[in-house]
Amino acid sequence: MSKWTNDALERLKKEEKEAAKVNRYAGVMATAVKRKIEDFCRQDREFAQAVVQGGSFTECMKAVTKNVEASISDVEAYRRAVQFYFPGAEVRVKMWVDLAGKVGEEDPEEKKPAAKLYDLADFL
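Just so it is clear, the model here is predicted, and its values are computed rather than measured.

Student: Summarise helix H4 (residues 57–65); cite the residues concerned and give the values.
Tutor: Listed in full, the buried residues belonging to H4 are Phe57, Thr58, Cys60, Met61, Val64 and Thr65. Projected down its long axis, H4 carries its buried residues within an arc of 155°, all on one side. Where H4 is buried, its residues meet helix H1 (3–19), helix H2 (24–43) and helix H5 (74–85).

Student: An account of the pattern of salt bridges is needed here, citing residue identities and associated values.
Tutor: Note on pairing: side chains with opposite charge can pair once their charged atoms come close. For the structure shown, the criterion picks out 9 salt bridges. With a shortest N-O distance of 3.4 Å, arginine 42 and aspartate 39 are connected by a salt bridge. Here the residue arginine 42 and the residue aspartate 39 both occupy positions in helix H2, the gap between them amounting to 3 residues, near one helical turn.

Student: Please provide a residue-by-residue account of the layout of surface pockets, values included.
Tutor: Of the volumes computed, that of the largest pocket is approximately 190 Å³. In this structure, the largest pocket is lined by Phe40, Gln43, Asp44, Phe47, Val82, Phe86, Ala89, Glu90, Val91 and Arg92.

Student: Go over the packing of H4 against H5, please, and point to the residues and values.
Tutor: Viewed as axis vectors pointing N to C, H4 and H5 meet at an angle of 130°, and their least axial separation amounts to 9 Å. Between H4 and H5, the interaxial angle falls into the category oblique. Considering how the two elements wind past one another, H4 and H5 form a crossing that is right-handed. For the pair H4 and H5, contact is made by Phe57, Glu59, Cys60, Ala63, Val64 and Thr65 and by Ala77, Arg80, Ala81, Phe84 and Tyr85, respectively.

Conventions and cut-offs
Residues numbered from 1 in each chain as written. Predicted model: local features only at pLDDT ≥ 70, side-chain atom pairs only at ≥ 80, totals over all residues. Heavy atoms only, no water. Buried < 20%, exposed > 50% of the residue type's maximum accessible area, 1.4 Å probe, protein only. Helix = DSSP H or I, 4+ residues; strand = E, 2+ residues; numbered from the N terminus. Arc of directions from axis to C-beta. Contact = heavy atoms within 4.5 Å. Salt bridge = Lys/Arg side-chain N within 4 Å of Asp/Glu carboxyl O. 1 Å grid on protein atoms, 1.4 Å probe; cavity = no way out; pocket = protein on both sides within 12 Å on 5 of 7 lines; lining within 4 Å. Points joined across faces, edges and corners; volume = space filled by probe spheres on them. Axes fitted to C-alpha atoms, helices over the stretch in contact; angles between N-to-C directions. Parallel < 35°, antiparallel > 145°, perpendicular 65-115°, else oblique. Left-handed = near helix turned anticlockwise from the far one by under 90°.

Okay, structure coming up:
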């Protein structure tokens, strides 16, 4: 991990408890938002640098919870947090339905295809 990443993770850890006191919404969301911001810091050193050099996590949670009347989706909360530290950045999410769900996962070892070794001579 880079120094920026380590510094960002440390800063978020130190500021989480104070950020949770911003309001009742921040109290509920602060831990989840912090974890996601930590993930983003691990993904991108430049984003981690923005977290270190940007505002506090308390200010971030104020921005995330601003104008929340009843609820906010997780994705919207993460988007607001990311944009607090890095204006113009976006959070992209990919979702799909797996109709088989866990039913198809009874024995994951059976689903692995057997390894095949081919000899180039087989194609000649």
